[in-house]
Each structure stands twice: as structure tokens, then as C-alpha cells.
Amino acid sequence: MAGEPQADCLFCKIVAGEVPATVVRETETTVAFRDINPQAPTHVLIIPKVHYPDAATLAAAEPTIIADILRESREVAAGDKVEDRGYRVVFNTGTGAGQTVFHAHLHVLGGRGLQWPPG
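Residues numbered from 1 in each chain as written. Predicted model: local features only at pLDDT ≥ 70, side-chain atom pairs only at ≥ 80, totals over all residues. Heavy atoms only, no water.

(A) Spatial organisation of the packing of aromatic side chains. Tallied over the entire structure, the rule returns one aromatic pair. Measuring from ring centre to ring centre gives 5.5 Å for F11 and F33, while their planes differ by 75°; the resulting arrangement is edge-to-face. One end of the pair, F11, is in helix α1 (residues 10-16); the other, F33, is in strand β2 (residues 30-34), and 22 residues separate them in sequence. Using a relative accessible area of 4% as the deciding quantity, one classes F11 as buried. (Phe/Tyr/Trp six-rings, centres within 6.5 Å; stacked < 30°, edge-to-face > 60°. Helix = DSSP H or I, 4+ residues; strand = E, 2+ residues; numbered from the N terminus. Buried < 20%, exposed > 50% of the residue type's maximum accessible area, 1.4 Å probe, protein only.)

(B) Representation of the environment of P38 within the structure. Topologically, P38 is positioned in the loop between β2 and β3 (42-48). For P38 and F102, which are 64 residues apart along the polypeptide, the C-alpha to C-alpha distance reads 18 Å.

(C) A look at the nonpolar core. Formed by 13 residues in total, the largest nonpolar core has its most connected members in I46, L58, V76 and V108. Ignoring anything within four residues of it in the chain, the contact list for I46 reads T30, V31, A32, I69, E72, S73, V76, A104, H105, L106 and V108. Formed by nine residues, the second largest nonpolar core is a distinct cluster that contains C12, I14, V31 and I47. (Core = buried A, V, L, I, M, F, W, Y, C linked by side-chain atoms within 4.5 Å. Contact = heavy atoms within 4.5 Å.)

(D) Quick peek at the sheet that holds β2. Strand order in the open sheet made by the five strands is β1-β2-β3-β5-β4, with antiparallel pairing throughout. The sheet is open, and its two edges are formed by β1 (23-26) and β4 (87-90), each paired on a single side. Mean inter-strand twist for the sheet, computed between neighbouring axes without regard to direction, equals 20°. Here β4 pairs with strand β5 (residues 106-110) via four bridges, running antiparallel. Residue R88 lies in a different strand from β5, and its bridge partner there is L109. Sheet contacts for helix α3 (residues 63-79): β1, β2, β3, β4 and β5; angle to β3, the most-contacted strand, approximately 155°. (Pairing = 2+ DSSP bridges. Axes fitted to C-alpha atoms, helices over the stretch in contact; angles between N-to-C directions.)

(E) Local environment of unusual backbone geometry. For the peptide bond that leads from W116 to P117, omega is 0°, which places it in the cis range. Along the chain, the position of P117 falls in the segment after β5. For K81, which is not a glycine, the phi torsion comes out positive at approximately 60°. Summarising the element assignment, K81 is placed in the loop between α3 and β4.

(F) Spatial organisation of the layout of surface pockets. One number sums up the size of the largest pocket: a volume of about 680 Å³. Lining the largest pocket are 31 residues; nearest its centre among them are D35, Q39, H43, N92 and H107. Of all elements in the fold, only α1, β2, β3, β4 and β5 reach the threshold of two or more residues within the lining of the largest pocket. Grouping the amino acids of the lining of the largest pocket by side-chain chemistry returns 16 nonpolar, eleven polar and four charged. (1 Å grid on protein atoms, 1.4 Å probe; cavity = no way out; pocket = protein on both sides within 12 Å on 5 of 7 lines; lining within 4 Å. Points joined across faces, edges and corners; volume = space filled by probe spheres on them. Nonpolar A, V, L, I, M, F, W, Y, C, P; charged D, E, K, R; others polar.)

(G) Looking closely at the environment of H105. Here H105 lies in the loop between β4 and β5. The class of H105 is buried, set by a relative accessible area of 7%. Residues H105 and V90, spaced 15 residues apart in sequence, show a C-alpha to C-alpha distance of 8.5 Å. Not counting the four nearest positions on each side in its chain, H105 is found in contact with F11, L45, I46, I47, V90, F91 and Q99.

Right, here's the structure in full:
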């Protein structure tokens, strides 16, 4: 059921504390943790504590939570001291966009030059 934890979801297991992660921030609705395969000096994932497979589904069902995730991206950037230099926020939705974990999540990237368009 949408919004409910999924037994086979890596990010649901991180939310539940069953899988370790380097958590940098946590709120009532979100968890932010360092990516295990960072693509920039700052590479933090922000996930909702509720399970939705992608950002589009989350936005349709829980718009306040997706807003919480975006708000947290600024806090993560500030905490990593990349807010003033610039940072990128990315939601990958679907396999064609590179999504590999089907639990909505936002990437916060910074600390190096980021080219456009992304690769």
C-alpha cells in the first residue's frame, strides 16, 4: 500500500534503522544521509519516511512531504557549507532517468563544479 513501509525496500530499512547509514539530518517526515557512491564532495540523499516509489507519486499523494524534502535540501547544503557556492537538487524518476531505488529520494550535490546538461 502506498505510504506504508515495504519489506524489500532499502530506504524503508534505513528509515527503520535496520540498515546503517551516515545520517546528517532527520526530521519528523524525512531522513538525510550520505550517498554510499558519492558523485560530488557533497552527495546526500533526502528521503521521506513514508514509502512512495518516485517523486511524482509522492508529490501527488503527499505534497507537504515533498515540500519538506525540498526545504531540507537547503539545510543539508548549509550544513555542508555549499549553500553559498551553489548546489544541485535532483529527483530521478524511473529507470530511464537513472532511478535504481524505488523509494522517492532527492540528491543534493555540491562542492565541485557541476556541468549542464548533466550526463
